[in-house]
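A look at the structure
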Amino acid sequence: MKDFIYLDNGATSFPKPEEVYTYMDQYYRRLGVNPGRSGYDICMEAGEVVEDTRKTLTNFFNGTDPDRLCFSYNATDALNLIIFGILQEGDHAISTTIEHNSILRPLYHQKKYGGVEVDYIPFDSKGFVNPDDFPKKFKTNTKLVIVNHASNVIGTIQPIKEIGKYCQDHGILFAIDVSQSAGKIPIDMEEQNIDIIAFTGHKSLLGPTGIGGLYVREGIEIKHTRAGGTGVRSAVKTHLDEYPYRLEYGTLNTLGVAGLSAGLQWVLEQGLDNLHEHEMKLMSKLRDDLQDVEGVTLYVQDDLKDHISIFLFNVDGMEAMNTGTILDVDYNIACRTGLHCAPLVHDQIGTSEIHGAVRFGIGPFNTEEHIQTAVQAIKDIAEMQKKIRNPRNG
Ligand SMILES: Cc1ncc(COP(=O)(O)O)c(C=O)c1O
C-alpha cells in the first residue's frame, strides 16, 4: 500500500498540528464544563480560554473589540446569521459568481422568499472580480456587499480592499467570507475596509470542525434570527442585544474553541508568510510540472500571484470523479472532485457540463514528495486515457 497523501485541505485541513490534539485532550479532561454559567474555579478558567480566543482572533483580524467576535458552528452558520440578520424585504445585495453555496444559497433563499434583490458580479478570465464593477450596481436600496475572499475552486484572492473602499464611500455594509484565506494570508478589518468577517475554524486556522464565527465592526447591528440561552441575565424574556451574546445561541462548542485557539497559536508561531510561501512553492511545482502535459487541462493558473494553494485540473476526456477515484484507489491520494459547492465558478470556467473538475488543496504538512507523486499519478492517468482514446498509439 502506497503512503496516504492528503490533498483535500480545501475541504478541511488534515492532519492538525500535534499541539491541537494535545491541547484539546487536556482542555476537555480538565476544563470540560460550561463556561459563563457559574463561578466555580474551572468554570472561570474555561471561560478565560474562550475569552482569550476571542481576543486572539480579534487581533488576528485587526478588530478592536473582542466582544464583537462571536462564535458560531462554522462559516456557513456565520454567513447565515449575516445574510438573514441584515437583509430585509425591499433590500438589494451584491455578491459575485466566485461564491460558495454558503453565500449563494442564503442569498437565493432571501431572493425567493424574502423579497430581496441580488446582483452577482462575474470574475474575469484570470479569476478576479473588478472592484470598479461594484459601484455600477449600487442602488439606493443596496444594503450589503458580500464577497468570498479567496476562491475554494480556483484559488484567486479577490481585491477586497478596493471593493471595501467603494462600499465605505457609499455607506454600504461590506462582509467577506474568509473560509479559505484565514490562516493563509493577512486579513485586516481596518486596512481592507471590511465591516464583517465570517470565518471557519477547521480549514487553514487548523482547528477542529464545528467551530467558526464572525467579527462585526462597532456600530453594525445584525438583527436576531434566533433566540435562546446565553447563560447571562436569565430573567430577561428576549434574547440579549449586546455582543457577543447577540449572535451566540446556547452552549458554545468550547472544545472547538480550545482546538481553534491551539490551531491559531500554531499558525501565528509558524508565521503566515512562511506557511503561504511553503504552500505556494508546492503549488508552483504542480503547475510547472503539469502545464505542458498533453491531455491535462489546468484552470486559471497562468499567474499564481494573488492565489492561494488551490489547484484545479482535469484529465481530458475523463470525468473528474473517475480521475479522483483512480487517484484514491491506485495512488492513495485524497482530493475533491465535482463542483466544490461553487456551481457558478464552474459555469463560468466551462466545467459544469463535464461535471466539474479535480481539486488539490495543499496544506502546511504537504511535502515535495507528495507533489512529485501526485504529478506522476496525473501523468500516468493522462497517458492511460490517451491509450484508451487512441488504442493504436499504445
Ligand atoms: C469559500 C468557502 N466558504 C464557505 C465555506 C463553508 O465552510 P463551512 O463548511 O465550514 O461552513 C467553505 C467550505 O468549503 C468555503 O470553501
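Here's what I pulled together on the structure shown here.

How each quantity is defined
- Residues numbered from 1 in each chain as written.
- Predicted model: local features only at pLDDT ≥ 70, side-chain atom pairs only at ≥ 80, totals over all residues.
- Heavy atoms only, no water.
- Helix = DSSP H or I, 4+ residues; strand = E, 2+ residues; numbered from the N terminus.
- Rg over C-alpha atoms; globule rule 2.2 N^0.38 Å.
- Buried < 20%, exposed > 50% of the residue type's maximum accessible area, 1.4 Å probe, protein only.
- Lys, Arg positive; Asp, Glu negative; His and termini not counted.
- Charge placed at Lys NZ, Arg CZ, Asp CG, Glu CD.
- Salt bridge = Lys/Arg side-chain N within 4 Å of Asp/Glu carboxyl O.
- Pairing = 2+ DSSP bridges.
- Axes fitted to C-alpha atoms, helices over the stretch in contact; angles between N-to-C directions.
- Contact = heavy atoms within 4.5 Å.
- 1 Å grid on protein atoms, 1.4 Å probe; cavity = no way out; pocket = protein on both sides within 12 Å on 5 of 7 lines; lining within 4 Å.
- Points joined across faces, edges and corners; volume = space filled by probe spheres on them.
- Nonpolar A, V, L, I, M, F, W, Y, C, P; charged D, E, K, R; others polar.
- Domains from an automatic or database assignment.
- Near = heavy atom within 4 Å.
- Polar contact = N/O pair within 3.5 Å; in protein donor to acceptor, adjacent residues only side chain to side chain.
- Areas by Shrake-Rupley, 256 points an atom, 1.4 Å probe, with all protein chains shown as cover.
- Patch = residues over 30% accessible without salt bridge, like charges linked within 9 Å, V, L, I, M, F, W, Y side chains within 5 Å.

Helices and strands together make up the secondary structure of the protein chain, namely 11 helices and 13 strands. Expected size for 394 residues packed as a compact globule is a radius of gyration near 21 Å; at 22 Å, the protein chain falls within 12% of this value. Along the first, second and third principal axes, the C-alpha set of the protein chain runs to 80 × 55 × 35 Å. Counting every position in the protein chain, which comprises 394 residues, the buried fraction comes to 55%. Side-chain charges of the protein chain comprise 37 positive and 54 negative groups, with the mean position of each set lying 4 Å from the other.

Per the counting criterion, the structure on display carries 25 salt bridges. In this structure, Asp52 and Lys55 form a salt bridge, with 3.9 Å as the shortest nitrogen-oxygen distance. With Asp52 and Lys55 both in helix H2 (residues 41-60), this residue pair falls three residues apart, about one helical turn. Taking the relative accessible area as the measure of exposure, Asp52 reaches 41% and is therefore partly exposed. Given the relative accessible area of 43%, Lys55 is considered partly exposed. Asp91 serves as the salt-bridge partner of Lys143, at 3.1 Å between the closest nitrogen and oxygen. Placement of the pair is Lys143 in strand E5 (residues 142-148) and Asp91 in the loop between helix H3 (75-86) and strand E3 (92-96), with a sequence separation of 52 residues. On the basis of relative accessibility, which here comes to 30%, the residue Lys143 falls in the partly exposed class. Among the ionic contacts, a cluster of salt bridges with common partners joins Arg68, Glu221, Asp241 and Arg246.

If you walk across this open sheet you meet the seven strands as E2-E8-E7-E6-E5-E3-E4, and the pairing is mixed. A single partner strand is all that each edge strand has here, and the edge strands are strand E2 (69-72) and strand E4 (117-121). For this sheet, the mean inter-axis angle between neighbouring strands, taken without regard to orientation, is 20°. With five bridges connecting them, E3 and E4 associate as parallel partners. What sits directly across from Ser95, in E4, is Tyr120. Across the face of the sheet, H2 comes into contact with E2, strand E7 (196-200) and strand E8 (212-216) while running at roughly 115° to E2. Contacts between H3 and the sheet are confined to E2, E5, strand E6 (173-177), E7 and E8, with E7 contributing the most and set at about 155° to the helix.

Turning to empty space enclosed by the protein, a few remarks are in order. Under the definition given, this model contains one cavity of 30 Å³ or more. Considered as a void within the structure, the largest cavity measures approximately 60 Å³ in volume. Asn9, Ser13, Gly183, Lys184, Lys203, Ser204, Leu206, Val267, Leu275, Glu279, Gly363 and Pro364 together form the lining of the largest cavity. Partitioning the lining of the largest cavity into residue classes produces four nonpolar, five polar and three charged. In this structure, the lining of the largest cavity is formed jointly by two domains, domain 1 (5-14 + 270-382) and domain 2 (18-269), each of which donates at least three residues.

Glancing now at the pairing of E3. Most of E3 sits inside the fold, with five of its five residues counted as buried. With burial as the criterion, each face of E3 is covered, one bearing His92, Ile94 and Thr96 and the other bearing Ala93 and Ser95.

Here we come to the site of the ligand. In the vicinity of the ligand there are 13 residues, among which Thr76, Asp177, Thr200, His202 and Lys203 approach most closely. In the model, an oxygen atom of the ligand is placed 2.6 Å from a nitrogen or oxygen of the Thr76 side chain. Gln180 places a side-chain nitrogen or oxygen 2.8 Å from an oxygen atom of the ligand. Coverage of the ligand by the protein amounts to 89% of the 390 Å² it exposes when considered alone. Of the residues contributing to the shell around the ligand, the split by class is one nonpolar, 10 polar and two charged.

All right, on to a nonpolar patch on the surface then. A contiguous nonpolar surface patch, about 300 Å² in accessible area, is contributed by Phe4, Phe14 and Tyr21. Within the fold, Phe4 resides in the segment before strand E1 (5-6).

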